[in-house]
Amino acid sequence: MFLEVQNIVKHFGKEQVVKDLTFSLDAKKTLSILGKSGCGKTTMLKTIGGLVAPDSGSVQLNGADITNIRPEKRNIVYLYQEDLLFPHLNAFENIAFGLRLKKIPENTIKEEVTHMLCSLELESQSQKMPNQLSGGQRQRVSFGRAIITNPSLLLLDEPFGSLDAGTRYRMQGLFQNLSQEFDITSLFVTHDLKEAVLMGDKIGFMQAGNLKVYTDKEEFIADPATGVKDEIRFWGGLER
Amino acid sequence: MKLSWKPFVLSLAVLLILFPFVYLVLLSFASEWRFPDLLPSYFGLKNWSTILSSEAGLLSSFASSLVISLSVAIVSTLSGFLISRAVFYHPKKNTLTLLAYFPYILAPVVFAACLSFFFLKMGLFGNITGVIVAQFIIAFPYALLFFSSFWNQKVKSYEDLVATLGGNRWQTYLKVLFPLAKGLLLICFFQTFLISWFEYGLTSIIGIGKVQTLTIKVFLFIKEANYYYGALSCCLLIFPPVVLLYFNKRYVFKKLV
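Residues numbered from 1 in each chain as written. Chains lettered and ligands numbered in written order. Predicted model: local features only at pLDDT ≥ 70, side-chain atom pairs only at ≥ 80, totals over all residues. Heavy atoms only, no water.

Novice: What's the story with helix α8 (residues 169-180) of chain B in this structure? I'm lost.
Specialist: Every α-helical turn comprises 3.6 residues, leaving residues that sit three or four positions apart pointing alike. Along α8(B), the residues classified as buried are Gln171(B), Thr172(B), Tyr173(B), Val176(B) and Leu177(B). For α8(B), the secondary structure elements touched by its buried residues are α2 (91-101) of chain A together with α3 (58-89) and α7 (153-164) of chain B. At the N-terminal end of α8(B), a side-chain oxygen is found 3.2 Å from the backbone nitrogen of Trp170(B), two or three residues along, and the residue is Asn168(B). (Buried < 20%, exposed > 50% of the residue type's maximum accessible area, 1.4 Å probe, protein only. Helix = DSSP H or I, 4+ residues; strand = E, 2+ residues; numbered from the N terminus. Contact = heavy atoms within 4.5 Å. Polar contact = N/O pair within 3.5 Å; in protein donor to acceptor, adjacent residues only side chain to side chain.)

Novice: Looking at this model, I keep getting lost on the side chain of Thr43(A). Mind explaining?
Specialist: Within the secondary structure layout, Thr43(A) lies in helix α1 (residues 41-49). Setting aside residues up to four positions removed in sequence, Thr43(A) forms contacts with Lys10(A), Phe12(A), Val17(A) and Val18(A).

Novice: Help me out: how do you make sense of the sheet that holds strand β4 (residues 56-61) of chain A in this one?
Specialist: Remark on secondary structure: sheet strands pair via backbone hydrogen bonds, oriented parallel or antiparallel. All names here are of chain A. Strand order in this open sheet of four strands is β2-β1-β4-β5, and the pairing throughout is antiparallel. Looking at which strands have only one partner, the edges of the open sheet turn out to be β2 (15-25) and β5 (64-65). Across seven bridges, strand β1 (residues 3-12) lies against β2 in antiparallel orientation. Looking at β2, one finds that Leu3 is bridged to Leu25. Across the sheet, α1 touches β1, β2 and β4, and the angle it forms with β2 is around 60°. (Pairing = 2+ DSSP bridges. Axes fitted to C-alpha atoms, helices over the stretch in contact; angles between N-to-C directions.)

Novice: Is there a simple way to explain the state of the cysteines in this structure?
Specialist: In protein chemistry, a disulfide is the covalent bond that joins the sulfur atoms of two cysteines. Residues and elements named next belong to chain B. Per the counting criterion, the structure on display carries zero disulfides over all chains. Note on Cys235: no disulfide assigned, nearest cysteine sulfur contributed by Cys234 at a separation of 7.1 Å. On the accessibility criterion, Cys235 (11% relative accessible area) is buried. (Disulfide = S-S within 2.5 Å.)

Novice: Whenever I open this one, the interface of chain A and chain B confuses me. Can you help?
Specialist: Taken together, the contact between chain A and chain B spans 23 residues of the former and 17 residues of the latter. In this assembly, chain A packs against chain B so that about 1,800 Å² is buried in total across both faces, 68% of it on carbon and sulfur atoms. Summed over the three residues of chain A that lose the most area to chain B, namely Glu72(A), Leu84(A) and Leu101(A), the buried surface amounts to 30% of that side. For the pair chain A and chain B, the number of links is one salt bridge. Among the ionic pairs, Glu82(A) bridges to Lys154(B), the shortest N-O distance being 3.4 Å. The tally of links between chain A and chain B comes to seven residue pairs in polar contact (both at pLDDT 80 or more). For the side of chain A that touches chain B, the secondary-structure elements that each account for two or more residues are α1, β6 (76-79), α2 and α4 (135-147) of chain A. (Buried area = accessible area lost by both parts, 1.4 Å probe. Salt bridge = Lys/Arg side-chain N within 4 Å of Asp/Glu carboxyl O.)

Novice: Looking at this structure, how should I read the environment of Lys10(A)?
Specialist: All names here are of chain A. Position of Lys10 among the secondary structure elements: in strand β1. Distance in space between the C-alpha atoms of Lys10 and Pro54 is 5.2 Å, their sequence separation being 44 residues. If sequence neighbours within four positions are ignored, Lys10 has contacts with Glu15, Gln16, Val17, Val18, Thr43, Val52, Ala53, Pro54 and Asp55.

Novice: Would you explain a nonpolar patch on the surface in this entry?
Specialist: Residue and element names in this part refer to chain B. Together, Leu10, Val14, Ile17, Leu18, Phe21, Val22, Leu26 and Phe43 make up an exposed nonpolar region whose accessible area comes to about 770 Å². Sorting elements by how many residues they give to the nonpolar patch places helix α1 (residues 6-29) first, with seven residues. Tracing the chain through its elements places Val22 in helix α1. Residue classification places Val22 among the partly exposed residues on the basis of a relative accessible area of 45%. (Patch = residues over 30% accessible without salt bridge, like charges linked within 9 Å, V, L, I, M, F, W, Y side chains within 5 Å. Areas by Shrake-Rupley, 256 points an atom, 1.4 Å probe, with all protein chains shown as cover.)

Novice: Looking at this structure, how should I read the nonpolar core?
Specialist: When a protein is soluble and globular, its nonpolar side chains tend to lie buried together. Within the largest apolar cluster, 69 residues are counted, with the highest numbers of intra-cluster contacts made by Leu3(A), Phe23(A), Met44(A) and Ile48(A). Excluding residues within four positions of it along the chain, Phe23(A) makes contact with Leu3(A), Glu4(A), Val5(A), Leu31(A), Met44(A), Ile48(A), Leu187(A), Leu211(A) and Val213(A). Ranked by size, the runner-up nonpolar core spans 18 residues in total, among them Ile51(B), Phe189(B), Val218(B) and Tyr229(B). (Core = buried A, V, L, I, M, F, W, Y, C linked by side-chain atoms within 4.5 Å.)

Below, the structure written as C-alpha cells:
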C-alpha cells in the first residue's frame, strides 16, 4: 500500500481526538472521509501531514516511515477550506510559490505554471491579485499551487466548504480531472454526503475520533451510521 | 453673496498650528533678539554654521542620536516581531503579554534610576551602548505589544501551508510573514524610532551627560537660556521624524487604507 496509517492516537489535554486510527490507501487513489464537525478529521489530516505530532502510532508513505519527519520534508500538501492565497502575490506567483521554494530554474517555472494555468482554465487571470478573483478561481489557484509541486499525497480539508452549490459542483469535476491528469493520491475530507460518494475511490466514515473505511460503496450505503439510508428515504418520500 | 466664515477659521487654525514651527525656524536664524525689539539684531546663517563646527557639538549629537534611534528601532522592531510570534504560540501567552506592560508601570526616570546599579556593574553607564540598551528596554515591549495583534490562526495556517509546500522557517519569514507584515513593520519601526529619538529621562540618567543626544542638547540649551541654539537643535530634532512621516504616509498608509 502507498499510504499506511497505523494505530495513530492523539489527545488534546484530556480529550482523545483521534482513537487508534488505522487505514491504508493505494497510489493514485482518493479516499473520501465523511464526518461531522469536531469528529477529529482535521487533526487526523494534520497528523498525517506532520503539522500535529501523534501521541503514538506511525505513518508510512511509499514504504518509508515518515512519522517523525518534519512537514517540509514529507512532500505532503495540506489544503485548507480557506484558499489561503498569499495576498501579496498574483495568481501566477501563487501557483509558482512551491516551485520557487525548491529553487527550480525560471524557465521551467514559467513553463509549468503556464501549463497549470491552462489546466485550471485560468490563463487570462494569471496577473490578477487574489482580491480580484472569485471564490472558485481562488480555490483553483490554491489547487494549482499544491498540485504543481507534485506532492506524494494531497490532504484536502473540506476544500469546497465555502463555495456556493454551482461552483462546488464545477470544482468537484475539476478536481477529478486534475487527479487523473496529475496521478494524485489524496485524502478528501468532507461533511457533505454526496461529495464523499462522488469524490472517493474509497469511502471512510469518521465518528468521535474513529475512522471506518468501507470496502465498497454498497457497504457504505448499507451502514445506518453514515446517514445514506435516511437521505434516500427523504428524497424517495419527496418523489412519492 | 453670503460670506462663509469657514475658510477664515480654517486658515486661522492652520496658522496657529504652523506658527510654532515657523517661529522655531526663524529663531534658529536669529541672535540678540531682545524685548522690545521687533526684529532680531542679527538674522543669518551664523547659528546654522555652528552645526559644522565642533563648538556646539550639534553635528555629533545629531549623529549619535541617529545611531541610537536607528539601532533601537531596528533591533526592537525585528526582535518584537520574532518574539511576539513565540509569545502567541506559548501556552502562557496572556501572562507573558501582561509582563510586557511592566516597564510602563514606572516613569522612565524612576525606571532608569532602578536600573542604574545594574548598568554601572555591567559597564554600560555613560556610553552609547548603555543608552541603546536602556531605550531598548522601553521600545521592545512596545513592539511586542504592537505585533501581538498580527498573529492569529490564519497566519498560523499560512505558516503550516508553507511548511507542507516544502518551505523552511527562513523561507516562511522571507517569502510570507515579512511581506504580510510589511506595513506593520514600517509603522513599528517609525514608532520605536520616535520613542528613542525623543527619549529624555532614561538617556539623561544612563548617559550621565556623556551621551548627548539632540533631545538632551535641546534641554541643555534651554537651561542655559540659549534659545537660538535651542531652536536650531529643535529644527534638527524634527527633521528625521518629518522624513519618516513622509515615507510612512507615501508608502505605508496608502497601502493600508
